[in-house]
Amino acid sequence: RPQLRFLSLASLRDFDPLMGSDENMALDGYEPRSVERGARLVAIFPTKPMAIIQMPRGNLESISPRALVLPFVMMKIQAGDFLTALDIMRRQRVDM
(Lines give C-alpha, C1' and ligand atoms only; values in the text may rest on other atoms or scores of the structure.)
Protein backbone atom coordinates (compact mmCIF):
# COMPACT_ATOMS: atom_id res chain seq x y z
CA ARG A 1 0.00 0.00 0.00
CA PRO A 2 1.50 3.37 -1.01
CA GLN A 3 2.22 5.75 1.84
CA LEU A 4 3.62 9.23 2.27
CA ARG A 5 6.10 9.20 5.17
CA PHE A 6 7.71 12.16 6.88
CA LEU A 7 11.22 11.50 8.18
CA SER A 8 13.77 13.82 9.69
CA LEU A 9 17.10 14.01 7.90
CA ALA A 10 18.83 12.45 10.92
CA SER A 11 16.65 9.34 10.77
CA LEU A 12 16.88 9.09 6.98
CA ARG A 13 20.27 7.36 7.10
CA ASP A 14 18.72 4.48 9.08
CA PHE A 15 15.66 4.23 6.81
CA ASP A 16 15.67 1.27 4.40
CA PRO A 17 13.01 1.62 1.66
CA LEU A 18 13.31 -2.09 0.76
CA MET A 19 12.23 -3.25 4.22
CA GLY A 20 8.57 -3.68 5.02
CA SER A 21 6.72 -0.78 6.57
CA ASP A 22 6.46 -2.60 9.92
CA GLU A 23 10.22 -3.01 10.32
CA ASN A 24 11.12 0.59 9.48
CA MET A 25 11.12 3.11 12.27
CA ALA A 26 8.88 6.08 11.53
CA LEU A 27 8.93 9.30 13.49
CA ASP A 28 7.29 8.90 16.86
CA GLY A 29 3.80 10.36 16.79
CA TYR A 30 3.71 10.95 13.03
CA GLU A 31 1.58 8.45 11.21
CA PRO A 32 2.22 7.75 7.53
CA ARG A 33 -0.49 9.00 5.20
CA SER A 34 -2.01 6.57 2.72
CA VAL A 35 -2.07 7.90 -0.83
CA GLU A 36 -3.19 6.50 -4.16
CA ARG A 37 -0.76 4.39 -6.11
CA GLY A 38 1.19 6.60 -8.50
CA ALA A 39 0.76 9.80 -6.49
CA ARG A 40 3.70 12.21 -6.57
CA LEU A 41 4.91 14.76 -4.06
CA VAL A 42 5.02 18.08 -5.95
CA ALA A 43 6.06 20.66 -3.35
CA ILE A 44 6.46 21.46 0.32
CA PHE A 45 6.23 25.16 1.11
CA PRO A 46 8.81 26.60 3.52
CA THR A 47 6.46 29.42 4.60
CA LYS A 48 3.39 27.23 5.25
CA PRO A 49 3.02 23.76 6.80
CA MET A 50 1.59 22.34 3.60
CA ALA A 51 2.44 19.60 1.11
CA ILE A 52 1.08 19.41 -2.45
CA ILE A 53 0.50 15.95 -3.93
CA GLN A 54 -0.42 15.19 -7.53
CA MET A 55 -2.77 12.23 -7.87
CA PRO A 56 -2.60 9.84 -10.84
CA ARG A 57 -5.71 11.39 -12.42
CA GLY A 58 -3.94 14.76 -12.48
CA ASN A 59 -5.69 16.56 -9.61
CA LEU A 60 -3.63 18.35 -6.99
CA GLU A 61 -4.27 17.87 -3.27
CA SER A 62 -3.05 20.11 -0.49
CA ILE A 63 -2.47 18.46 2.88
CA SER A 64 -1.12 19.73 6.19
CA PRO A 65 0.47 16.76 7.95
CA ARG A 66 1.33 16.91 11.66
CA ALA A 67 5.01 16.39 10.85
CA LEU A 68 5.00 19.82 9.18
CA VAL A 69 2.43 21.60 11.37
CA LEU A 70 4.00 20.98 14.79
CA PRO A 71 7.53 22.29 13.99
CA PHE A 72 5.98 25.27 12.17
CA VAL A 73 3.81 26.15 15.18
CA MET A 74 6.82 25.83 17.51
CA MET A 75 8.82 28.15 15.23
CA LYS A 76 5.99 30.73 15.29
CA ILE A 77 5.71 30.54 19.10
CA GLN A 78 9.47 30.98 19.55
CA ALA A 79 9.38 33.97 17.18
CA GLY A 80 6.59 35.54 19.25
CA ASP A 81 3.92 35.29 16.52
CA PHE A 82 1.27 33.89 18.84
CA LEU A 83 -1.72 34.93 16.73
CA THR A 84 -0.56 32.93 13.70
CA ALA A 85 0.40 29.96 15.89
CA LEU A 86 -2.97 29.96 17.63
CA ASP A 87 -4.83 30.26 14.32
CA ILE A 88 -2.96 27.28 12.82
CA MET A 89 -3.44 25.23 16.00
CA ARG A 90 -7.18 25.96 15.94
CA ARG A 91 -7.56 25.08 12.24
CA GLN A 92 -5.46 21.91 12.43
CA ARG A 93 -7.00 20.83 15.75
CA VAL A 94 -3.69 20.69 17.59
CA ASP A 95 -4.22 20.06 21.30
CA MET A 96 -3.26 23.18 23.24
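Please refer to the structure placed before this passage.
All values reported here derive from a predicted model rather than from experimental measurement. (Residues numbered from 1 in each chain as written. Predicted model: local features only at pLDDT ≥ 70, side-chain atom pairs only at ≥ 80, totals over all residues. Heavy atoms only, no water.)

Q: Is there a simple way to explain helix H2 (residues 66-79) in this structure?
A: Between the first and last C-alpha of H2 there are 20 Å, a value that for 14 residues agrees with the 20 Å anticipated at 1.5 Å per step. Along H2, the residues classified as buried are Ala67, Leu68, Val69, Phe72 and Val73. At its buried positions, H2 is contacted by strand E3 (40-44), strand E4 (51-54) and helix H3 (82-91). Positive backbone phi, at 90 degrees, marks Gly80, one or two positions downstream of H2. (Helix = DSSP H or I, 4+ residues; strand = E, 2+ residues; numbered from the N terminus. Expected span 1.5 Å × (residues − 1). Buried < 20%, exposed > 50% of the residue type's maximum accessible area, 1.4 Å probe, protein only. Contact = heavy atoms within 4.5 Å.)

Q: For this particular structure, what's the right way to read the environment of Pro71?
A: Inspection of the secondary structure assignment puts Pro71 in helix H2. On the accessibility criterion, Pro71 (44% relative accessible area) is partly exposed. Taking the C-alpha atoms as reference points, Pro71 and Pro49, separated by 22 residues in sequence, lie 8.6 Å from one another. When near neighbours in sequence (up to four residues on either side) are disregarded, Pro71 contacts Tyr30 and Arg66.

Q: Whenever I open this one, the pairing of E4 confuses me. Can you help?
A: As defined by bridge partners, E3 adjoins E4 across 4 bridges and the pair is classed as antiparallel. Pairing of Arg40 across the sheet is with Gln54, part of E4. The turn linking E3 back onto E4 is made up of 6 residues. As judged from the 4 bridges shared by E4 and strand E5 (residues 60-63), these two strands associate in the antiparallel manner. The residue bridging Ile52 from the neighbouring strand is Ser62, located in E5. (Pairing = 2+ DSSP bridges.)

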